[in-house]
Amino acid sequence: MSTEEKPAAAPRSLAEELRGRDDVGLAALLRSRPDLVTPVPTDLTQLATRAGTRASVVRALERLDRFALQTAQALAVAADPAPYDELLGLLAGDEGDPTVSAALPHAVRTLREQALVWGGDDRLRLVRTARELLSPSAQHPSPTGLGPTVREATAGMSPGRIQEIVTAAGLPSTHDSVSAVAALTGLFTDRARMSALLAEVPPESAEMLERLVWGPPYGQVTADPAPRLRLLLDRGLLLPTAPGTVVLPREVALHLRGGRAHRATDPVPPPVEPAPAPAHRPQVVDAAAAGQAYTALAAVEELLKDWDEGGPAVLRSGGLSVRDLKRTAVALDVPEPVAAFWVELAYAAGLLASDGEADERYAATPAYDTWLERPAAERWTVLATAWLAATRTPGLVGERDAKDHTVAALGPGLDRSAAPEVRHRVLALLAGLPEGAAPVAESVPARLRWERPPRTGDGEDLRSRLARWTLTEAETLGITGRGALSAHGRALLGLPAPKPGRPAHPAEPEPRGPGDRLPVHHRPAPPPGLLSPAGFSPARFSPAEPKNVTAAARLLAPLLPEPLDHVLLQADLTAVAPGPLHRPLADMLDVLADVESKGGATVYRFTPGSVRRALDAGQTAADLHAFLAAHSRTPVPQPLAYLIDDVARRHGHLRVGAASAYVRCDDEAVLNEILADKRAAELGLRRLAPTVLAARADPAGLLEGLRRMGFAPAAESAEGDVLITRAHARRTPPRTPPEPVPEGPPVPDDTLLTAAIRAVRAGDLAATAPRKPRDGDGDGGAAGRGGGELPRTGPAETLATVQAAVLTGEALWIGYVNAEGAASQRVIAPVRVEGGFVTAYDHTADEVRTYPLHRITGVAELAELPDDEG
């Protein structure tokens, strides 16, 4: 090369650093901090300003992993700006830590990518808002446990007292407080001189310093301190901050800590360890998960069948009452937390909702009937995808809310926006284990706490609780089996199948050293399912994608038991279903018999009441005999045949109508028997004719009363026909599943990112493009370069400048006000002017547009760019 390339000038602001990024770097920023793109900033200066707002910075800090956050905290107590080596010393200590040294470039790169840190390695700057949030103060202690610097602690101290401290520390006195404080700071930051000073401190005084060294750095003293404390105060090793309060200066604490800002640093995420038990074979895992998946389908079906004619009432405050939840748990034969999970799962899948009536009750939705018609594997994917995306957390049911009210199932207050992300992350961590291995339960929450540190250290944080619930719920739902991720669960998440005995994904790339730092946009992408340096993004997983759902259903279908078309009838009036039954057979058995026990095989019991229920539903004795003969692998036992014939013989012998009600029977002896029975007194019966009795009771009460007396009456219509009573399934109007509550703005897709970056760059071009100074501008000033002020020219000058630009082909900087009155600035290349309109290529919008001349507030010619900017 004939000429040397000029080194890039160091950015003077965050906006300048953003201006130097390529499109990949800007996309990484907007993807990691999606709140910055809503609405799209007009230019890079506005983007930098928005990135420094308190709300946005707080959200970005909350999404950092533990070491990246520790790095930001160390920068907050370092000099501003701080060289890279100083930051490394604060994290690795005087003795150095190779692990920290290897991980720090990656952490700094993450902070740079998220626009929390800017500047070169020799001048690292934490954005001002982040420094204010993380810097130590008496009101907001730093997680580092450090206190204020000597300069900050002595800000309100008298000059005479400062000179006394300097002299007691063995330093020469100075003529002003500023130089005295600088000398004291120099002493405390000099390792050799500081060690010599502390060697003169008696052990009892040094013990007091040790109490404060790791924080909190503040202590209480009396008006007349003890000699051991007075010695520390005289030498400035402790400084007073308020009456009765002293503080350990930051420089002293760092010396006592060996230069470390934190007691313990965590540069490497804790591994998710496999359980000590041997890993299961993949076939065993998949079979166990499939068994749980079948149980899940059966539980949801049984729940909604139990509520088929109308479920429990909706509480006035919303949700299911504690009593109704207990009844549901008894009906499903599961603990109450599991019952709450099934209820919430059906609700999240859109199979259950409130009917919206005046007497509001829960019932199945029309989508439930459609769901029942689908194959079993597809029905499971509906439940699993609903669970993955739901923000409702059944684990909170039964706890007390902020108002000390019990949190109800199906009620408000169950949404936690972090739930979908945690579920995906936990399952992705399971996918990283060797095939068939279950994790050590505590290692998963520990990993999540490193990836997203909790705000406070008091109690168990929400993400850890969500992780524990996820492990339990995934096993209950059949996504995992024996604690390990199943093949169909992996397919549902869109993760590749693992190699036997190997982790599902390669390890994350090793952090590079300071001399081998890659630009942000050249960083190797993390493998799918692993935490990215910018924080985990649930957009990496798309469980609702048709290809994932289809793949999961295809893997699960062969593992589910095939429905059977037969039962085994036994002489003790029971029938055994050795597996799941075809729906028509199961529905008929539910009417004809009562379920006695469940498990691998379901046992049904035939009783007079159950047989009468089938006859009330319109079946005849011949129909029942034919049904049992067709679906039993064993001969129909004689006791069961006799039971059906005996109940059928008496069924419908009596007829009940409305008189209020009446009973008619062709056999007068039967009516005489009824009238003679003392139990009939409450029915208010009297004879109207030899074959007719009238009653004060209503027809339903009369039917029930006669059945209690041992008769088998049938209801009669006004025309004298036997009424066939069938259970009417209650359905809500069409309902949509509950919408998940998002955790902040959604991550923008690639299309939106491309459009947003193009708009920001075009707006930045309009705001910063150099333009020729006009008369009266002096040496240029704001007119020399885009300063954000819209140009102002008269109509005649505007028209003349635009017409000249058409002839010369030059670009113009214009101010434009649209029909809504919104002002903007644009860079255009005019093509033609006619009819009061100018047609031009708009560099801001990257397209040809037509503008009315009367809406252009002013124009300015763009200056030639210097060679180093062109």
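Report follows, based on the coordinates. This one's a predicted model, so the numbers in the text were calculated from it and none came from an experiment. (Residues numbered from 1 in each chain as written. Predicted model: local features only at pLDDT ≥ 70, side-chain atom pairs only at ≥ 80, totals over all residues. Heavy atoms only, no water.)

A look at the packing of helix 20 (residues 376-389) against helix 25 (residues 546-556)
In step 1: Contact geometry for helix 20 and helix 25: axes closest at 9 Å, N-to-C directions at 130 degrees. In terms of orientation, helix 20 and helix 25 fall into the oblique class. Seen from above, helix 20 lies across helix 25 with right-handed handedness. Facing helix 20, whose interface residues are Ala377, Glu378, Trp380, Thr381 and Thr385, helix 25 presents Val549, Ala552, Ala553 and Leu556.
In step 2: Residue composition of the contact of helix 20 with helix 25, by class: six nonpolar, two polar and one charged. (Axes fitted to C-alpha atoms, helices over the stretch in contact; angles between N-to-C directions. Helix = DSSP H or I, 4+ residues; strand = E, 2+ residues; numbered from the N terminus. Parallel < 35°, antiparallel > 145°, perpendicular 65-115°, else oblique. Left-handed = near helix turned anticlockwise from the far one by under 90°. Contact = heavy atoms within 4.5 Å. Nonpolar A, V, L, I, M, F, W, Y, C, P; charged D, E, K, R; others polar.)

Observations regarding the environment of Glu682
In step 1: Secondary-structure assignment places Glu682 in the loop between helix 30 (668-676) and strand 16 (686-689).
In step 2: Assessed through its relative accessible area of 57%, Glu682 is described here as exposed.
In step 3: Through-space distance from the C-alpha of Glu682 to that of Gly705 is 8.7 Å; in sequence the pair is 23 residues apart. (Buried < 20%, exposed > 50% of the residue type's maximum accessible area, 1.4 Å probe, protein only.)

Looking at the packing of helix 20 against helix 21 (residues 419-431)
In step 1: Between helix 20 and helix 21, the shortest axis-to-axis distance is 7 Å and the interhelical angle comes to 115 degrees. One element, helix 20, and the other, helix 21, form an angle in the roughly perpendicular class. Across the interface between the two elements, Trp387, Leu388 and Ala389 of helix 20 pack against Pro420, Arg423, His424 and Leu427 of helix 21.

Things to note about the packing of aromatic side chains
In step 1: Tallied over the entire structure, the rule returns four aromatic pairs.
In step 2: Considering the side-chain rings of Phe341 and Trp342, the 5.1 Å spacing of their centres and the 55 degrees angle between planes classify their relative orientation as tilted. Note on accessibility: Phe341 and Trp342 belong to one class, buried.
In step 3: Over the face of the ring belonging to Trp371 we find Arg379, whose NZ or CZ atom lies 5.4 Å from the ring centre. (Phe/Tyr/Trp six-rings, centres within 6.5 Å; stacked < 30°, edge-to-face > 60°. Lys NZ or Arg CZ within 6 Å of the ring centre and 35° of its normal.)

Section: the side chain of Thr129
In step 1: Structurally, Thr129 can be placed in helix 8 (residues 128-134).
In step 2: With residues up to four places along the chain from it excluded, the contact list for Thr129 reads Gly52, Thr53, Arg54 and Val57.

Quick look at the pairing of strand 13 (residues 602-605)
In step 1: Note that strand 11 (residues 574-577) and strand 13 share four bridges and pair antiparallel. Residue pairing in the sheet places Val576 in a bridge with Val603 of strand 13.
In step 2: Taken together, the three bridges between strand 12 (residues 594-597) and strand 13 define a ladder with antiparallel strand orientation. Paired with Asp594 across the bridge in strand 13 is Arg605.
In step 3: Linking two consecutive strands that pair antiparallel, namely strand 12 and strand 13, is a turn of four residues; a positive phi of about 145 degrees is found at Gly599 within it. (Pairing = 2+ DSSP bridges.)

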